[in-house]
Number of protein chains: 2
Amino acid sequence: MAHRDDSVETIQQELTAFARRARATAARIHPELSLVSYTLLAHLDDQQGCRATDLAAHYLLDKSTVSRQIAALERLGFVERRLDPADHRVQVLHPTEEGAQVLANASNSRRQAFHERLADWSEADLDRFALYLLRYNAAQERLG
Amino acid sequence: MAHRDDSVETIQQELTAFARRARATAARIHPELSLVSYTLLAHLDDQQGCRATDLAAHYLLDKSTVSRQIAALERLGFVERRLDPADHRVQVLHPTEEGAQVLANASNSRRQAFHERLADWSEADLDRFALYLLRYNAAQERLG
DNA sequence: AATCCACGTTGTACTATACAACTACTTCAA
DNA sequence: TTGAAGTAGTTGTATAGTACAACGTGGATT
């Protein structure tokens, strides 16, 4: 049990340290994209467009927060709104050409950074680490 | 290489999801402690007191940020300042009795939450996960 | 039609943060 | 020994991100 406690303690410490660093580091993922706006834009990109309400629900953000984030992305020219012809309350949000481009760039440098950090890991270790993270996140989702 | 890419992709996704959730969830770790104030208080506790400057350096926060966080903790009665007799510029910060108590409570519920999330993990898996996290964080530290 | 609901915006407030200017104290060197 | 330079911490100011509440507009239900 002592060993078990030690491992859990380490996991807790390291995840906490990671979260702290993530806050500091990832505030600007790209000169013009914060972690939040990056995430929202990425979601629009791989959902092929969606509504502000969907973003709010998916990321547990208030709709006013999403509204302002989207407004900012629109000012930057990265997102455009298309009124849903079937329901005039709804705006379907899409990345613009430029938005998709910026997203692709940000996404590539981000991916590259991960590859660098994990460069000397064996394939087996990468695989296990990925599975552990999935398992941990699923548990956290389940247990709140 | 495809498999390698897949694993890295998953790791990236899951760590990002974790960071996002951490922001939302850990804002209040305890009715009166945010993640930051909890962290600072914990540091004071296991360093047996330290200076505001040390906290700033250790957690990469501006000294003004630390100053205000500490001021808040002092208002709550969780931290006290002791003027360093040898250098009157310096205030050595210590948790108060009450601060130590609140910290212990917060720390215990936090530990318990981790134990619950990891309850059904084998000891071998816990051990490996802990090592992977250490390794990952060390790499991130090294590579920025 | 009247009522209720859904979508999104805006007003307001709060927290966390950084940077810059400042005060108080210390150290060091001429 | 004194004055210049450096260090610890606070305060003024600005910004980002967020939530909640109130609102306007448009749909849906009865």
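Refer to the structure printed above.
Since this is a predicted model, take the numbers as computed values, not measurements.

Quick word on the environment of Leu-76 of chain B
All names here are of chain B.
Then comes step 1: Its place among the elements puts Leu-76 in the loop between helix H4 (63-75) and strand S2 (79-83).
Then comes step 2: Note on Leu-76: relative accessible area 33%, which makes it partly exposed.
Then comes step 3: Between the C-alpha atoms of Leu-76 and Asp-87, which are 11 residues apart in sequence, the distance is 26 Å.
Then comes step 4: Aside from chain neighbours lying at most four places away, what touches Leu-76 is Glu-32 and Glu-98.

Some words on the relation of the copies chain B and chain A
Then comes step 1: The transformation that overlays chain B on chain A combines an axial shift of 0.0 Å with a rotation of 180°, and the residual RMSD is 0.1 Å. These values place the two chain copies in the arrangement generated by a two-fold rotation axis. Minimal C-alpha separation from the rotation axis in chain B is found for Ala-19 of chain B, amounting to 2.7 Å.
Then comes step 2: Counting the interface residues of chain B, we find that 100% of their copies in chain A are interface residues as well, pointing to one common contact surface.

Things to note about the protein's contact with DNA strand D
Then comes step 1: What surrounds DNA strand D is a group of 25 residues, the closest being Ser-64 of chain A together with Thr-53, Ser-67, Arg-68 and Arg-81 of chain B.
Then comes step 2: A distance of 2.7 Å separates a phosphate oxygen of DNA strand D from a polar atom in the side chain of Thr-65 of chain A.
Then comes step 3: Gln-91 of chain B is positioned with one of its backbone polar atoms (N or O) 3.2 Å from a phosphate oxygen of DNA strand D.
Then comes step 4: Secondary-structure elements contributing two or more residues to the surface near DNA strand D are helix H4 (63-75) of chain A together with helix H3 (52-59) and H4 of chain B.

Description of the packing of H3 of chain B against H4 of chain B
All names here are of chain B.
Then comes step 1: Axis separation between H3 and H4 bottoms out at 9 Å; the angle between their running directions is 120°. Our classification of the angle between H3 and H4 gives oblique. Crossing geometry of H3 relative to H4 is assigned as right-handed. Side by side, H3 and H4 meet where Ala-52, Leu-55 and Ala-56 of the first sit next to Lys-63, Val-66 and Ile-70 of the second.
Then comes step 2: When its residues are assigned to classes, the contact of H3 with H4 shows five nonpolar, no polar and one charged.

What about helix H2 (residues 35-47) of chain B?
The α-helix winds at 3.6 residues per turn, so residues separated by three or four positions along the chain end up facing the same way.
Then comes step 1: The end-to-end C-alpha distance of H2 of chain B, which contains 13 residues, comes to 18 Å, matching closely the 18 Å that a straight helix rising 1.5 Å per residue would cover.
Then comes step 2: For H2 of chain B, every residue scored as buried is listed here: Leu-35, Ser-37, Tyr-38, Thr-39, Leu-40, Leu-41, Ala-42, His-43 and Leu-44 of chain B.

With respect to the layout of surface pockets
Then comes step 1: Empty space within the largest pocket amounts to approximately 1400 Å³.
Then comes step 2: As for the largest pocket, its lining consists of 49 residues, and the residues nearest its centre are Thr-16, Ala-17, Ala-19, Arg-20 and Arg-21 of chain B.
Then comes step 3: Mapped by element, the contributors of at least two residues to the lining of the largest pocket are helix H1 (2-25), helix H2 (35-47), helix H3 (52-59), helix H5 (97-117) and helix H6 (123-143) of chain A together with helix H1 (2-25) and H2 of chain B.
Then comes step 4: Per element, the largest residue contribution to the lining of the largest pocket is 13 residues, and it comes from H1 of chain B.
Then comes step 5: Residues that form the lining of the largest pocket fall into these classes: 23 nonpolar, 14 polar and 12 charged.
Then comes step 6: In this model, the second largest pocket occupies a volume close to 1000 Å³.
Then comes step 7: If you list the elements that add at least two residues to the lining of the second largest pocket, you get H1 of chain A together with H2, H3, helix H5 (97-117) and helix H6 (123-143) of chain B.
Then comes step 8: Per-element accounting of the lining of the second largest pocket gives the leading share, 11 residues, to H1 of chain A.
Then comes step 9: Split by residue class, the lining of the second largest pocket holds 12 nonpolar, nine polar and 10 charged.

Some details on the protein's contact with DNA strand C
Then comes step 1: As a structural note, the neighbourhood of DNA strand C is formed by 25 residues, with Arg-51, Thr-53, Ser-67, Arg-68 and Arg-81 of chain A the closest of them.
Then comes step 2: Here, DNA strand C places atoms within 4 Å of the protein, and 63% of those atoms are sugar or phosphate.
Then comes step 3: Ser-64 of chain B is positioned with one of its side-chain polar atoms (N or O) 2.7 Å from a base nitrogen of DNA strand C.
Then comes step 4: Here a phosphate oxygen of DNA strand C and a side-chain polar atom of Gln-69 of chain B are 3.4 Å apart.
Then comes step 5: At the level of secondary structure, the elements contributing two or more residues to the surface near DNA strand C comprise H3 and H4 of chain A together with H4 of chain B.
Then comes step 6: Looking at the surface near DNA strand C, its residues break down into five nonpolar, nine polar and 11 charged.

What counts and what doesn't
- Residues numbered from 1 in each chain as written.
- Chains lettered and ligands numbered in written order.
- Predicted model: local features only at pLDDT ≥ 70, side-chain atom pairs only at ≥ 80, totals over all residues.
- Heavy atoms only, no water.
- Helix = DSSP H or I, 4+ residues; strand = E, 2+ residues; numbered from the N terminus.
- Buried < 20%, exposed > 50% of the residue type's maximum accessible area, 1.4 Å probe, protein only.
- Contact = heavy atoms within 4.5 Å.
- Least-squares fit on C-alpha atoms with pLDDT ≥ 70 in both.
- Near = heavy atom within 4 Å.
- Polar contact = N/O pair within 3.5 Å; in protein donor to acceptor, adjacent residues only side chain to side chain.
- Axes fitted to C-alpha atoms, helices over the stretch in contact; angles between N-to-C directions.
- Parallel < 35°, antiparallel > 145°, perpendicular 65-115°, else oblique.
- Left-handed = near helix turned anticlockwise from the far one by under 90°.
- Nonpolar A, V, L, I, M, F, W, Y, C, P; charged D, E, K, R; others polar.
- Expected span 1.5 Å × (residues − 1).
- 1 Å grid on protein atoms, 1.4 Å probe; cavity = no way out; pocket = protein on both sides within 12 Å on 5 of 7 lines; lining within 4 Å.
- Points joined across faces, edges and corners; volume = space filled by probe spheres on them.

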